[in-house]
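# Observations on the three-dimensional arrangement
Listed here are the chains, written in short residue letters.
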Amino acid sequence: GKMQITRRACSAQLKPECSSRPALPCARGRNPKIIRSSAACFTPFASKPQTGAKRSVRALRNALSRQSRQALVCNAALPEATPGKTVLGFVGMGILGVPMTLNLIKAGFEVVVYNRTADRCAPVLAAGAKLASSPKEVVQRATFTFATLSDPAAALEVGTGPDGIAAGMSAGKAYIDVSTVDAETSRAIAAAVHAAGGSFLEAPVSGSKGPAEQGKLIFLTAGDKDVFDAVGKPLDAMGKAKFFLGETGAGANMKLVVNMVMGSMMVAFAEGLALADKSGLKKQDLIDVIGLGAIAAPMYALKGPTMSARQYAPAFPLKHQQKDMRLALALGDSHAQPLPVASAANAAYIQARQQELGDSDFSAVLEAIIRAKAEGH
C-alpha cells in the first residue's frame, strides 16, 4: 500500500496558506525552505527535528512507490490568476504564441514576453506586452509563465537551461508548457521546475493558427492540479475547452495520439484528392460529398479548398506534424503497439520534408503524394 507519512515526523511549523494534506518529513541542511508533497509546506525548523526526520530525501523517495512519488519541493499556495492583478509570462512568439498572448492581453492580463528573435514580439509589444531579456527574467517577473516551443530539444533548453525557466523559478510561481513534446521530456522539465520550488502543468493544445486567433484552442493538461485550478481564467481566454488528465505525461501522450490521428487523416485525404483528380473527378465535388457524409470533418472543409488550389500558407507547419508523428510512433513502440497506418503517413511527411516543404502547412503533404505518383513510386 501507499506509505503514510504524518506531520509528527517533523517539528516544523505548517504554513497557514498551505493545504492540510499529509506532509513529507523535512530535510535538514541543504535547503532550509523545505520539502513539498504536492501542497504540504513547512517553514524552516523551529526546533531540532525528531530522529525520524533525519532520513535523507533520497531515502524517502526510494521508500515511496513510483506511482505515489511526488516532488519534494516546497511551494506556497498558488493565487488564482486574475485580470488586472496577476502578471503572466509567455515564452515563444510563433504561430501560436502571438495570438495566444494577444488574447491574454485582451482579457486584461499584464503579460511579460520573450522570444529568441525579438522582432517576433512586435505585435504583442504593440498591444501592451512587456519585453524580457530571457526566459529566466520572464519567470522572475510573472507569477504564471506559459511557453509554446517547437520541439523537445527547444523545450528542454528553455525549461532547464542556465538562463531558462527553472533558473528563474521560486515558490509561489508556476510554469505551464504548451509545447507538444513526449512524456519523458515533459517529466524532465517538471522535475527541474519542482526542484527550483515551483509548480508545473503541461498543457499542449489541440488547434492551430485559426483557433489560437479565435481563442478556441483545446488544452490537454496534466501535472500539478493546483496550477490547473489557478490558471482557469487565462486558459479560458485562450481556449474553448480544457481537460485535466492526471499526472505529468498524460497531456503529452494525449496530444501525440490526437495529432497522430489528425496526421493520418490528412494523408488519406490528400490521397483521395490526388486519386479523384487522376480519375477525372472535380476535387471540389469530392470535398462536398465528404462534407455531407459520415466522414465529414472540419479539417477537410477547411483545408480542402486550399489543397485543391495547391496553396499551403502555414497554419500548422508540416515539419511539426512529422515531428509529432515520429513521437507518436515512438510512444507506440514503447508499448509494443503496432501503428501501420501512422507509420505509412509518417513516411509521406518525411517525403514532403525531403522536398523542402517543412515550413509549409502540413496539408502540403499532398505535394508528396502527387510527386510520388509522377516519379512512379
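Residues numbered from 1 in each chain as written. Predicted model: local features only at pLDDT ≥ 70, side-chain atom pairs only at ≥ 80, totals over all residues. Heavy atoms only, no water.

## Here we look at the overall build of the protein
For the protein, the helix and strand inventory stands at 16 helices and nine strands. Out of the 377 residues belonging to the protein, those deemed buried represent 50%. Taking all contacts inside the protein whose residues are at least 6 apart in sequence as the whole, residues at least 24 apart take part in 66%. By element, 54% of the accessible surface of the protein is carried by carbon and sulfur atoms, the whole surface being about 17900 Å². (Helix = DSSP H or I, 4+ residues; strand = E, 2+ residues; numbered from the N terminus. Buried < 20%, exposed > 50% of the residue type's maximum accessible area, 1.4 Å probe, protein only. Contact = heavy atoms within 4.5 Å. Areas by Shrake-Rupley, 256 points an atom, 1.4 Å probe, with all protein chains shown as cover.)

## Structural notes on the pairing of strand E8 (residues 217-223)
Within E8, six of the seven residues are buried, which leaves the element mostly enclosed by the surrounding structure. Sheet analysis places E8 next to strand E9 (residues 239-244), joined by five bridges and oriented parallel. Among the inter-strand pairings, Leu217 is bridged to a residue of E9, identified as Gly239. (Pairing = 2+ DSSP bridges.)

## Observations regarding the environment of Thr221
Tracing the backbone shows Thr221 in strand E8. For the pair Thr221 and Ala203, spaced 18 residues apart in sequence, the C-alpha separation works out to 4.2 Å. Beyond its immediate stretch of four places on either side in the chain, Thr221 contacts Leu201, Glu202, Ala203, Phe228, Phe243, Phe244, Leu245, Gly246 and Gly251. There is a polar contact of 2.7 Å between the side chain of Thr221 and the backbone oxygen of Phe243. (Polar contact = N/O pair within 3.5 Å; in protein donor to acceptor, adjacent residues only side chain to side chain.)

## A word on the pattern of salt bridges
Under the definition given, this model contains 10 salt bridges. As a salt-bridge pair, Glu80 and Lys233 come within 3.8 Å of each other at their nearest N and O atoms. Taken together, the residues Glu80 in the loop between helix H1 (57-63) and strand E1 (87-91) and Lys233 in helix H10 (residues 232-238) connect sequence positions 153 residues apart. Overlapping salt bridges bring together Arg310, Glu367 and Arg371 as one network. (Salt bridge = Lys/Arg side-chain N within 4 Å of Asp/Glu carboxyl O.)

## Considering the packing of aromatic side chains
For the coordinates displayed, the defined rule picks out five aromatic pairs. Between the aromatic rings of Tyr175 and Phe200, the centroid separation amounts to 6.0 Å while the plane-to-plane angle is 55 degrees, which identifies the pairing as tilted. Separated by 25 residues along the polypeptide, Tyr175 in strand E5 (residues 174-177) and Phe200 in strand E6 (residues 199-202) bring together distant segments of the chain. What makes Phe200 buried here is its relative accessible area of 1%. (Phe/Tyr/Trp six-rings, centres within 6.5 Å; stacked < 30°, edge-to-face > 60°.)

## Digging into the side chain of Asn259
Relative to the helices and strands, Asn259 resides in helix H11 (residues 250-278). In contact with Asn259, not counting residues within four places along its chain, are Phe316, Gln321, Asp324 and Met325.

## Structural notes on the nonpolar core
As a rule of thumb, nonpolar side chains are buried together in soluble globular proteins. Counting residues in hydrophobic clusters, the biggest one holds 34 residues, and the most contacted among them are Phe90, Met100, Phe144 and Phe146. In contact with Phe146, not counting residues within four places along its chain, are Leu88, Gly89, Phe90, Val91, Tyr175, Ile176, Val178, Val231, Pro234, Leu235 and Met238. (Core = buried A, V, L, I, M, F, W, Y, C linked by side-chain atoms within 4.5 Å.)

## Some points on the packing of H11 against helix H14 (residues 318-334)
Relative orientation of the contacting elements H11 and H14 amounts to 120 degrees, with a least axis distance of 8 Å. In the crossing of H11 with H14, the sense of the turn from one axis to the other is left-handed. On H14, the residues that touch Asn253, Leu256, Asn259, Met260, Met262, Gly263 and Ser264 of H11 are Gln321, Asp324, Met325, Leu327, Ala328 and Leu331. In the contact of H11 with H14, the residues fall into seven nonpolar, five polar and one charged. (Axes fitted to C-alpha atoms, helices over the stretch in contact; angles between N-to-C directions. Left-handed = near helix turned anticlockwise from the far one by under 90°. Nonpolar A, V, L, I, M, F, W, Y, C, P; charged D, E, K, R; others polar.)

## Observations regarding unusual backbone geometry
Positive phi outside glycine occurs at Arg310, with the angle close to 55 degrees. Note that Arg310 resides in the loop between helix H13 (298-308) and H14. The partly exposed category is assigned to Arg310, whose relative accessible area is 46%. Notably, Glu356 is not glycine yet its phi reads approximately 65 degrees, a positive angle. As for its position among the elements, Glu356 is in the loop between helix H15 (340-354) and helix H16 (365-374).

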